[in-house]
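Understanding the architecture of this molecule
Spelled out from the first residue to the last, the chains are:
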Amino acid sequence: MSDDGSKQSANVWPMSKFYFEVKWAGGAGEGMVSSFQEVSGLDVEAQVIEYRAGDNKVFSTIKMPGIVKSSNVTLKKGVFAKDNKFYDWYAKIKMNTVARTAVTISLLDETGSPTMVWTLSNAWPTKITGTDLKSDGNEVAVETIELAHEGLAIANK
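It should be emphasised that the depicted structure is a prediction, and the values quoted were computed from it without experimental measurement. (Residues numbered from 1 in each chain as written. Predicted model: local features only at pLDDT ≥ 70, side-chain atom pairs only at ≥ 80, totals over all residues. Heavy atoms only, no water.)

1. Digging into the pattern of salt bridges
In total, this model carries six salt bridges according to the counting rule given. The closest approach of N and O atoms between D83 and K77, which form a salt bridge, is 2.9 Å. Each member of the pair, D83 as well as K77, carries the same accessibility label: buried. E150 is the salt-bridge partner of R100, the closest N and O atoms lying 2.7 Å from each other. Residue R100 is located in the loop between helix 1 (85–90) and strand 7 (101–108), and its partner E150 is located in the loop between strand 9 (142–148) and strand 10 (152–156); the two are separated by 50 residues in the primary sequence. By sharing partners, the salt bridges in this structure join K77, D83, K85 and E143 into a single network. (Salt bridge = Lys/Arg side-chain N within 4 Å of Asp/Glu carboxyl O. Buried < 20%, exposed > 50% of the residue type's maximum accessible area, 1.4 Å probe, protein only. Helix = DSSP H or I, 4+ residues; strand = E, 2+ residues; numbered from the N terminus.)

2. Quick look at the pairing of strand 9
The buried fraction of strand 9 is high, at five of seven residues. Note: strand 8 (residues 114–129) against strand 9, five bridges, orientation antiparallel. Paired with K127 across the two strands is E146, which belongs to strand 9. (Pairing = 2+ DSSP bridges.)

3. Some thoughts on the nonpolar core
Ranked by internal contacts, the top residues of the largest apolar core, which has 17 residues, are F86, V103, I105, L120, I145 and L147. Counting residues per element, the ones that place at least two in this core are strand 1 (20–24), strand 6 (73–78), helix 1, strand 7, strand 8 and strand 9. Among the elements that line this core, the one with the most residues is strand 8, at four residues. Beyond its immediate sequence surroundings of up to four residues, I145 is in contact with V73, T74, L75, F86, W89, P125, K127 and I128. (Core = buried A, V, L, I, M, F, W, Y, C linked by side-chain atoms within 4.5 Å. Contact = heavy atoms within 4.5 Å.)

4. Concerning the packing of aromatic side chains
Under the counting rule described, the total for this entry stands at three aromatic pairs. Between W24 and F86 the ring centres are 5.6 Å apart and the planes differ by 40°, which places this aromatic pair in the tilted class. With a gap of 62 residues between them, W24 in strand 1 and F86 in helix 1 connect regions that are remote in the sequence. Considered together, W24 and F86 belong to a single accessibility category, that of buried residues. An aromatic cluster of at least three residues, connected via ring pairs, comprises W24, F36 and F86. (Phe/Tyr/Trp six-rings, centres within 6.5 Å; stacked < 30°, edge-to-face > 60°.)

5. So, the environment of L42
On the secondary structure map, L42 appears in the loop between strand 3 (38–40) and strand 4 (44–51). You can call L42 partly exposed: its relative accessible area is 27%. Put simply, L42 and I154 are 112 residues apart on the chain and 9.4 Å apart in space, counted from C-alpha to C-alpha. Look past the residues within four positions of L42 in its chain and what remains in contact with it is V73, I105, W118 and L152.

Shown next as structure tokens:
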């Protein structure tokens, strides 16, 4: 039994964050799965609206939820020879036109099944950062792509 009196199994552990996959459709390739080193920016925030009615006898405001906003999502991956999918996707941006797509990020269990899934709607590349180059470096070349999107849905599987 735990401190709060509830029964918990001794074999229940939090999920590891190193086993995940990223899938997207359209934009950079239909039904494509890509291996990434890192994903960040999976957050959602409700802006706060403060309000006070003029005839309220209490001299303070109440707080209400307002517009929901999400951060851009940043993906990092190793650079591979002749792999220009993201640059090709980015090149499709023309005067307020871009190939938008759904992007699904899944946290996987030890069997490779999704346990938690984040879905970005209408995602598109807003920034690509190539790797830095060093003549005395001994690291893998890593590029970064930043995705803007119109909403983040979170689901437990």
